[in-house]
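# Architecture at a glance
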Amino acid sequence: MFSGKHGDTGFNLQIAATLDGGLLAVSAPVPGSWHDIRAWRESGFPGLFPDCETMGDLGYIGTGVHQYPARRRRTSDRTPEGL
């Protein structure tokens, strides 16, 4: 994930905060090419907050983190009304 325009690489940070915006923790940066799930596991956050409900975007499917926004359910009705 190298930007030729900026001449630099990207990185991924995991940030834990309360719903009212209070900062709980910030992970060390990991390479930007890593998927969110790998960065989440490498951050150690799953062990830091085992009893807390967690919320994340759709990049955290399969981790036990509640997704927001909720994933749309696929309907068998493929008409425009069913989409």
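Residues numbered from 1 in each chain as written. Predicted model: local features only at pLDDT ≥ 70, side-chain atom pairs only at ≥ 80, totals over all residues. Heavy atoms only, no water.

## Quick word on the pairing of strand β5 (residues 23-26)
Where a strand is regular, its side chains alternate between the two sheet faces. Our working definition: Any two strands are treated as partners once DSSP identifies two or more bridges connecting them. Numbering of helices and strands starts at the N terminus; helices are DSSP runs of H or I of at least 4 residues and strands are runs of E of at least 2.
Pairing geometry for strand β4 (residues 15-17) and β5, over 3 bridges, is antiparallel. In the sheet register, Ile-15 faces β5, and the bridge partner there is Val-26. Counting the residues between successive antiparallel strands, the hairpin from β4 to β5 contains 5 residues, one of them, Gly-21, with a positive phi of roughly 100°.

## Let's talk about a nonpolar patch on the surface
Stated formally: Residues enter a patch when their relative accessible area is above 30% and they make no salt bridge; the linking distance is 9 Å between like charges and 5 Å between nonpolar side chains (Val, Leu, Ile, Met, Phe, Trp, Tyr). Computed by Shrake-Rupley with a 1.4 Å probe, the accessible areas treat only the displayed protein chains as cover when residues are assessed. A side-chain nitrogen of Lys or Arg and a carboxyl oxygen of Asp or Glu constitute a salt bridge if their distance falls within 4 Å. Three labels apply to residues, based on accessible area from a 1.4 Å probe with only protein chains included: buried if under 20% of the type maximum, exposed if over 50%, partly exposed otherwise in between.
Together, Phe-11, Leu-13, Ile-15, Leu-23 and Val-26 line one region of the surface with nonpolar side chains, adding up to about 520 Å² of accessible area. Along the polypeptide, Leu-23 turns up in strand β5. Of the residues examined, Leu-23 reaches a relative accessible area of 59% and is grouped as exposed.

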